[in-house]
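Here's the letter readout for the chains.
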Amino acid sequence: MGSKFLEDVLATIKRGVELGGFPEELYKILSKPERILIVKIPVRMDDGRLEVFEGYRVQHNSALGPYKGGIRFHPQVTLEDDIALATLMTLKNSLAGIPYGGGKGAVRVDYKKLSRSELERLSRGYARAIAPLIGEEIDIPAPDVGTNPQVMAWMVDEYSKIAQRNVPGVFTAKPPVLWGNPVREYATGFGCAVMSREAAEKYLGGIEGKKVAIQGFGNTGRWHAYWVAKMGAKVVAISDTSGTVYDPEGIDVELAMKVKNETGKIINYPKGEKIPDPKAALYVDADILGPDAMEEQITLENVDKVKAKIIVEGANGPTTPEAEAKLYEKGAIVVPDFLANAGGVVMSYLEWVENLQWYIWDEEETRAKLEKIMKNNFLRVYEKFESMKAEKKGITMRDAALVLSLERVYQAMKYRGWL
Ligand code: NAP
């Protein structure tokens, strides 16, 4: 295997198994995926050349239901990384309380170098290649890095041609007109905002007027900022790769979104202080921090500069384990990524339920369902965290989430007779 990422994921499971007092067999069964499909995808390029791309679909665990997880198009993707990502999906879906196991797909390709028609041929080719092993009640992929609703639309069309019928539920996060749901666009950031609100309720006496700083103004960060402002918080800092905008009086998030859409740079926001360092958002005076850009942003080098009391991890892996330990020493709480940013996959679940019934919920109804699930998930983890903390020193909210997630998948496998 030899992948550091995969080793880290397996070490996490091992720690969770020990922490939760589960039998060693749980680690044994979760340390290997149930099935791996390796595919070759020949694609005729626009200049007449034939390129053959390698792709994977890893089906990690199906105890809780059909495999579920995204498809990544990336030049550096490896099979080991795909296994690690599929394993994490088992944990995330289990924690989210949705009826899914974990899976993940990938194609090694620099998608930015493809024309639109090459991207379409690759997407259709990949869907054809994995078609024998997926299905609306078997394995339901979704977008990830390098793929989007258009790619899902091509894939669902290709799969439907093979099946000789419309099969909307086989991929999620489709365009709303093609059996998607408008809430999907902001589901992850909205889920982060619900986490911020619930954590503020428990640890800060409520969200109203609390200062929030957000690093990253992409899909996750902008909607986290937008919804937390709607919930009554004051967004005081926002950053993207162009730098950080800081305004202790509060940033107009809708105006910031308009500026970002029109100019591509948050630094063009007309008010507040402009700081060239994109990481400066992590250090401003704030009650709640959303590291919503990318992995490994809060490290041992800069953790002392973080002032927020609650860190809601919108990005995957933005806090290193060593930095997280320091944050807890300072009395801060980290709402872990696989709880905080699960809004996207929970919304995928809701879309799938709509698709299986050929029923369409309106936006408000869908958002209310998403909110309820995210809130309940926070409360379950919060209660577990508080009870584990009372019994053992050094417990983090991530530990509590890990144990709850392993508990659910363990119970499912036990009842099935796999363990
Ligand atoms: P995205 O749309 O590409 O946005 C990333 C944002 O981060 C961009 O605004 C980018 O700036 C900014 N950024 C990059 N490096 C930065 C830095 N060093 N400092 C400050 N800002 C920086 O990506 P996304 O979909 O929001 O994903 C962000 C994170 O959330 C990832 O870790 C992803 O795995 C996780 N996540 C996303 C979803 C989802 O549904 N989107 C679901 C679960 C988890 P520019 O705009 O200037 O490029």
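About the thresholds
Residues numbered from 1 in each chain as written. Predicted model: local features only at pLDDT ≥ 70, side-chain atom pairs only at ≥ 80, totals over all residues. Heavy atoms only, no water. Near = heavy atom within 4 Å. Polar contact = N/O pair within 3.5 Å; in protein donor to acceptor, adjacent residues only side chain to side chain. Areas by Shrake-Rupley, 256 points an atom, 1.4 Å probe, with all protein chains shown as cover. Helix = DSSP H or I, 4+ residues; strand = E, 2+ residues; numbered from the N terminus. Buried < 20%, exposed > 50% of the residue type's maximum accessible area, 1.4 Å probe, protein only. Arc of directions from axis to C-beta. Contact = heavy atoms within 4.5 Å. Core = buried A, V, L, I, M, F, W, Y, C linked by side-chain atoms within 4.5 Å. Domains from an automatic or database assignment. Expected span 1.5 Å × (residues − 1). Pairing = 2+ DSSP bridges. Right-handed = clockwise from strand over helix to strand, strands pointing away. Axes fitted to C-alpha atoms, helices over the stretch in contact; angles between N-to-C directions.

Trainee: Can you walk me through the site of the ligand in this structure?
Mentor: Neighbouring the ligand are 21 residues, the closest being Thr188, Asn219, Thr220, Thr241 and Lys260. One of the backbone nitrogen or oxygen atoms of Gly218 is found 3.1 Å away from an oxygen atom of the ligand. Taking Lys260, its side chain carries an N or O atom lying 2.6 Å from an oxygen atom of the ligand. For the ligand, the protein covers 70% of the area, taking 900 Å² as the surface of the free molecule. When contributions to the shell around the ligand are tallied by element, the ones reaching two or more residues are helix H7 (219-230) and strand S7 (234-240).

Trainee: What am I meant to see in helix H9 (residues 321-329) here?
Mentor: Think of an α-helix as turning once every 3.6 residues; residues three or four places apart then point the same way. Residues Ala323, Glu324, Leu327 and Tyr328 constitute the buried set of H9. One side of H9 holds all its buried residues, which, seen down the axis, span an arc of 140 degrees. Summarising the contacts, the buried residues of H9 are in contact with strand S11 (310-312), strand S12 (333-335), helix H12 (363-391) and helix H13 (397-416).

Trainee: Explanation requested: the nonpolar core in the structure shown.
Mentor: Soluble, globular proteins show a tendency: their nonpolar side chains are buried together. Core analysis: the biggest nonpolar cluster contains 114 residues, and Ile298, Val335 and Leu406 have the highest contact counts within it. The element contributing the most residues to this core is H13, with 11 residues. Taken domain by domain, the makeup of this core includes at least three residues from each of domain 1 (33-172) and domain 2 (187-340). When near neighbours in sequence (up to four residues on either side) are disregarded, Ile298 contacts Leu282, Leu289, Pro291, Val303, Val306, Ile311, Pro318, Thr319, Thr320, Ala323 and Leu327. Leu37, Ile41, Ala127 and Tyr159 belong to the second-largest nonpolar core, a separate cluster that totals 27 residues.

Trainee: When you look at helix H4 (residues 116-130) in this model, what are you seeing that I'm missing?
Mentor: In a regular helix each residue adds 1.5 Å, so 15 residues correspond to 21 Å; H4 covers 21 Å between its end C-alpha atoms and thus fits that length. Elements in contact with the buried residues of H4: strand S1 (35-44), strand S2 (50-61), strand S3 (67-74), strand S4 (101-108), strand S5 (139-143) and helix H5 (149-163).

Trainee: What is the right way to read the pairing of S7 from this model?
Mentor: Remark: a regular strand shows side chains that alternate across the two faces of the sheet. Counting buried positions along S7 yields six of seven residues, so the element is predominantly enclosed. Sheet topology note: the strand S6 (residues 211-215)/S7 ladder contains five bridges and is parallel. Opposite Ala213, over in S7, you have Ala237 as the bridge partner. With respect to chirality, the unit in which S6 leads through H7 into the neighbouring parallel S7 is right-handed. As paired elements, S7 and strand S8 (residues 243-246) share four bridges and run antiparallel to each other. Looking at the pairing, Asp240 lines up with Gly243 of S8. Between S7 and S8, which pair antiparallel and follow one another directly, the connecting turn spans two residues.

Trainee: What's the story with the sheet that holds S4 in this structure? I'm lost.
Mentor: The pairing of strands in a sheet comes from backbone hydrogen bonds and takes either a parallel or an antiparallel form. Across the sheet, five strands lie side by side as S1-S2-S4-S3-S5; this open sheet has mixed pairing. At either margin of the open sheet sits one strand with a lone partner, and together these are S1 and S5. On average, each strand axis in the sheet is inclined to that of its neighbour by 20 degrees, with strand direction left out of account. By the bridge criterion, five bridges tie S3 to S5 in an arrangement that is parallel. Looking across to S5, one finds that Gly70 is bridged to Ala142. Of the strands in this sheet, S1, S2, S3 and S4 touch helix H3 (residues 79-96), which is tilted by about 150 degrees from S4.

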